[in-house]
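Topology and contacts: notes
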Amino acid sequence: MTHYEAQTLLLEDARTHPPEDALLQLGHGLMNEVLDLVSDSALEDFQTLIGEALIGAFHSAAQRIERDADKARDTLNGLIRDFDGSEILDVEIQEATLKARTADVATLALEIIRDAAAASYTTSTGDVWSPWKGSVKASRTTAAQIEARDAIRASKARKHSAAFPGATIVAFRAAPQADTADDAGRIFDALNWAQTQWPDMALATSGAKGGEKLAIKWAKQKGVTLVLAKADFDRNGRAAPFRANDEMLELDPVCVLTLANSINPSRGGSLQPFGPALNLAQKAAEKGIRHLPVKARA
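Residues numbered from 1 in each chain as written. Predicted model: local features only at pLDDT ≥ 70, side-chain atom pairs only at ≥ 80, totals over all residues. Heavy atoms only, no water.

**Quick word on the overall build of the protein chain**
Where we set the bar: For the purposes of this entry, the term helix denotes a DSSP run of H or I that reaches at least four residues, the term strand denotes a run of E that reaches at least two, and both are numbered from the N terminus. Buried means the residue's accessible area, taken with a 1.4 Å probe over protein chains only, is under 20% of the maximum for its type, while exposed means over 50%, and partly exposed covers the values in between. Residues count as neighbours in contact if any of their non-hydrogen atoms are within 4.5 Å of one another. Working definition of accessibility: Shrake-Rupley area with a 1.4 Å probe, residue cover restricted to the visible protein chains.
Tallying secondary structure elements over the protein chain gives eleven helices and six strands in all. Residues counted as buried form 43% of the 298 residues belonging to the protein chain. Long-range contacts, defined here as pairs at least 24 residues apart, represent 71% of the contacts in the protein chain between residues at least 6 apart. Of the roughly 16,000 Å² of accessible surface on the protein chain, 53% is carried by carbon and sulfur atoms.

**Considerations on the packing of helix H2 (residues 20–38) against helix H3 (residues 47–81)**
Cut-off, in case you're wondering: As a rule, the C-alpha atoms of each element are fitted with a line to give its axis, helices using only the stretch in contact, and angles between N-to-C directions run from 0 to 180 degrees. Relative orientations are named as follows: roughly parallel for angles under 35 degrees, roughly antiparallel for angles over 145 degrees, roughly perpendicular for angles from 65 to 115 degrees, and oblique for any other angle. Each crossing is labelled by how the near helix is turned from the far one, with a counterclockwise turn of less than a right angle marking it left-handed and a clockwise turn marking it right-handed. Gly is put with the polar residues, along with every residue not named as nonpolar or charged; the nonpolar set is Ala, Val, Leu, Ile, Met, Phe, Trp, Tyr, Cys and Pro, and the charged set is Asp, Glu, Lys and Arg.
Their axes nearest at 10 Å, the elements H2 and H3 cross at an angle of 160°. By the angle between their directions, the pair H2 and H3 is classed as roughly antiparallel. Handedness of the crossing formed by H2 with H3: right-handed. Where H2 abuts H3, its residues Leu30, Met31, Val34, Leu35 and Val38 lie against Gln47, Ile50, Gly51, Leu54, Ile55 and Phe58. Looking at the contact of H2 with H3 residue by residue, the classes come out as nine nonpolar, two polar and no charged.

**Some words on the pattern of salt bridges**
The condition that has to hold: Within this document, salt bridges are pairs made up of a side-chain nitrogen of Lys or Arg and a carboxyl oxygen of Asp or Glu, the two lying within 4 Å of each other.
Across all of its chains, the model carries nine salt bridges by this definition. Of the charged contacts, one joins Glu212 and Arg173 as a salt bridge, the two residues approaching to 3.0 Å between their closest N and O atoms. Linking Glu212 in helix H7 (residues 211–222) with Arg173 in strand E2 (residues 168–174), this pair joins segments that are 39 residues apart in sequence. Comparing Glu212 with Arg173 shows no difference in burial state: the two are buried.

**Re unusual backbone geometry**
With a phi close to 60°, Asp40 is a non-glycine residue in the positive phi region. Assignment of secondary structure puts Asp40 in the loop between H2 and H3. Phi is positive for Asp252, close to 55°, though the residue is something other than glycine. Summarising the element assignment, Asp252 is placed in the loop between helix H9 (240–250) and strand E5 (255–259). Its relative accessible area of 58% is what places Asp252 among the exposed residues.

Next comes the structure, spelled out in structure tokens:
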């Protein structure tokens with residue numbers, strides 16, 4: 001029996017809940033159906049947006065239900081605080097408890113569907129889903145993904161809550177063109193080294209395409225917490241990638257890793273080094289933060 005299925009039994013609901021296998025099959029099936037329909041069609045250019053929107057729909061629904069559960073728990077805490085032994089309050093406490101547990105199970109079910117859809121999305125496209133905004137708590141199959149602003153706010157408030165990584169930060173920026181097998185090997189080597197140095201590390205990156213997407217894949221495979229400082233072009237315009245660097249540095253990383261160009265000569269030789277990676281390295285040096293460039297094997 002899985003954790004999800006055990007939680008459903010605690011509800012003692014006469015209605016049955018879908019088994020976890022069925023939820024997983026639904027997530028995989030929905031994503032595969034969508035991608036099969038879109039690929040090799042006029043919509044193929046938009047398959048990334050369509051796929052991420054499908055995953056994001058389940059993520060948003062899970063967050064909404066989770067907020068309902070939090071409200072029910074706030075109500076429950078108030079009832080327990082004011083409990084006077086009366087039968088009326090006792091019934092209200094039982095109802096609030098059941099409401100919170102029911103919402104928790106529904107949230108878990110949607111997260112299972114979301115994670116299955118995200119896994120099929122990665123298998124089919126090679127891309128890694130991350131939320132457009134907000135954080136994702138760790139689940140049975142995925143590591144936590146934390147928005148940098150959430151982590152910064154929690155750090156400044158000195159709160160050791162679910163929104164704070166509670167780990168040593170290693171920051172990483174890489175060029176979009178650094179997406180070859182050679183780049184992947186060296187990025188994984190560098191991150192494996194970092195994890196041996198700081199076993200409790202969390203990986204901070206902007207999640208940009210190319211080398212940073214490869215780093216996110218590594219983090220998910222290793223169960224390493226992700227702190228995403230996404231470039232907000234709507235708010236910061238062309239300075240957005242550099243503002244993302246500032247957010248990463250506000251997390252006080254112990255080390256900054258950068259790959260400013262592809263290691264593969266056929267990919268990186270004709271392109272300029274990636275400015276935001278160079279900028280992060282420069283700012284780290286100014287702050288006295290250890291910086292290590294990812295290099296080709298000697």
